[in-house]
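In case you want the letters, here they are:
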2 protein chains.
Amino acid sequence: MPDADGHPNREEINLPAVLHALADPMRYRVVATLVREPDGTERTCSSFGLPVSKSTRTHHFRVLREAGLIRQVDRGNSRMTRLRRADLEARFPGLLDLLASNAPAEPAAS
Amino acid sequence: MPDADGHPNREEINLPAVLHALADPMRYRVVATLVREPDGTERTCSSFGLPVSKSTRTHHFRVLREAGLIRQVDRGNSRMTRLRRADLEARFPGLLDLLASNAPAEPAAS
DNA sequence: ACGCAGGTTCAACAAACATCATACCTGCGA
DNA sequence: TCGCAGGTATGATGTTTGTTGAACCTGCGT
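Since we're looking at a predicted model, the values are computed, not measured. Note that residues are indexed from 1 along each chain, following the sequence as it is written. Throughout, the order in which chains and ligands are written sets their labels, letters from A for the former and numbers from 1 for the latter. Totals for whole chains, interfaces and linings use all residues, but because this is a predicted model, local features are given only for residues with pLDDT of at least 70 and pairs of side-chain atoms are given and counted only at 80 or more. Values reported for side chains reflect all heavy atoms of the structure, with hydrogen atoms and water molecules removed beforehand.

**Q** How should I be thinking about the overall build of chain A in this particular structure?
**A** The numbering of helices and of strands both runs from the N terminus, where a helix is a DSSP run of H or I of at least 4 residues and a strand a run of E of at least 2. The number of helices and strands found in chain A is five helices and three strands. Against the 2.2 N^0.38 benchmark of 13 Å for 110 residues, chain A shows a C-alpha radius of gyration of 13 Å, consistent with a compact globule. Projected onto its principal axes, the C-alpha positions of chain A cover 35 × 35 × 25 Å. In chain A, buried positions account for 45% of the 110 residues. Throughout, the radius of gyration refers to the C-alpha atoms, and the reference size of a globule is 2.2 Å times the residue count to the power 0.38. Exposure categories follow from relative accessible area, calculated using a 1.4 Å probe and restricted to protein chains: below 20% of the type maximum is buried, above 50% is exposed, and the middle band is partly exposed.

Next up, the structure:
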């Protein structure tokens, strides 16, 4: 059962939901960006420079969170986002490598 | 450039399109079914027993075809469907293994 | 105390999409 | 030649979903 924030535990992460979450360009960008950074990297939602409004951003991060791709934790004022690397690697070995080797450019960071 | 039937060539297959194609339960089922069969297996569209109408079936197979996941060839009266195993393995190594180890039950075949 | 930046919630809208019925085409077999 | 099964094309429809602005909450820094 997912926790109060909607995080599924490792066993609950299922491939169709993950694929569905990754099917959106915005969400794909977030995960593809995170996967290229060192393990444990934390970033704020707004640090990704997504070209959408705040509410849309909240929406996308919720989808990612509920699919089990990211973990969000309240850190004072901001909500920090981290890739669930170990969980995903355990559940779907090779998936992250796939995203890493197929990461699109991150416009906001260039 | 895709051929007349909308098949992209190997280099044109891109991950976001593939993920989008796999995000639908029906299409996921088709690919997850094909990936468990011997390489080169050919099946008709209707042999998957998808619980949808004929036109919907055509629609889903088109999406799969244009995403580069399957190859369809007119074989007399029927249009045979084959998984583009080599192309997918070359382009996204590990993706098919992922689907194979996470294949859902195929209701129509059980 | 105040402002502000980061996020959320809500209601609404627009685009994408899965679905279907109908009509149609095409080989194959009787 | 006729019927039929497999598929396609064309709207049309209803749902999903990505998108937004406005109102609001919450810490942090001044």
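Now that the structure is up, let's keep going.
**Q** Whenever I open this one, the confidence of the model for chain A confuses me. Can you help?
**A** Detail in the predicted coordinates should be disregarded across regions flagged by low pLDDT. Residues and elements named next belong to chain A. As a per-residue quantity, pLDDT reports the predictor's confidence and falls between 0 and 100. Residue-level pLDDT values for chain A average 91, and 93% of them are 70 or greater. Highest mean pLDDT in chain A belongs to helix α3 (residues 54-67) (98); lowest belongs to strand β2 (residues 70-75) (95). Here, residues are in contact when the closest pair of their heavy atoms is within 4.5 Å. Counting contacts from residues 105-110, a segment whose pLDDT is below 50, to residues more than four positions away or on other chains yields seven contacts.

**Q** Which parts of the structure should I look at to understand the nonpolar core?
**A** A general tendency of soluble globular proteins is for nonpolar side chains to be buried together. Residues belong to a common nonpolar core when they are buried Ala, Val, Leu, Ile, Met, Phe, Trp, Tyr or Cys residues joined through side-chain atoms within 4.5 Å. Within the largest apolar cluster, 58 residues are counted, with the highest numbers of intra-cluster contacts made by L69, F92 and L99 of chain A together with L69, F92 and L99 of chain B. Among the secondary structure elements, those contributing two or more residues to this core are α1 (15-22), α2 (25-34), α3 and α5 (95-100) of chain A together with α1 (15-22), α2 (25-34), α3 (54-67) and α5 (95-101) of chain B. Non-local contacts of L99 of chain B, meaning those with residues more than four positions away in its chain, are made with L15 of chain A together with L22, Y28, V31 and V35 of chain B.

**Q** Is there a simple way to explain the side chain of Q72 of chain A in this structure?
**A** Residues and elements named next belong to chain A. Turning to its location among the elements, Q72 is positioned in strand β2. Here a polar contact means two N or O atoms within 3.5 Å. Within protein one must be a hydrogen donor candidate and the other an acceptor candidate, and residues neighboring in sequence count only if both atoms are side-chain atoms. Within the structure, Q72 has its side chain in polar contact with the side chain of T81 (distance 3.4 Å). Residues contacting Q72, with those up to four places away along its chain left out, are D5, H7, C45, F61, R65, R79, M80 and T81.

**Q** How should I be thinking about the packing of aromatic side chains in this particular structure?
**A** Each aromatic ring pair is characterised by the separation of its centres together with the angle its planes make. All names here are of chain A. Each Phe, Tyr or Trp ring, with Trp reduced to its six-membered ring, pairs with another whose centre is within 6.5 Å; inter-plane angles below 30 degrees give stacked pairs, above 60 give edge-to-face pairs, and intermediate values give tilted ones. Considering all chains together, one arrives at two aromatic pairs over all chains under this definition. Here F48 and F61 contribute two aromatic rings whose centre-to-centre distance is 5.8 Å and whose plane-to-plane angle is 45°, an arrangement assigned as tilted. Within this pair, whereas F48 is found in the loop between β1 (43-44) and α3, its partner F61 is found in helix α3, the two being separated by 13 residues in sequence. F61 carries the same exposure label as F48, and that label is buried. By definition, being over a ring means that NZ of Lys or CZ of Arg is both within 6 Å of the ring centre and within 35 degrees of the ring normal. One Lys or Arg, R43, reaches over the ring of F48 and ends 4.3 Å from the middle of that ring.

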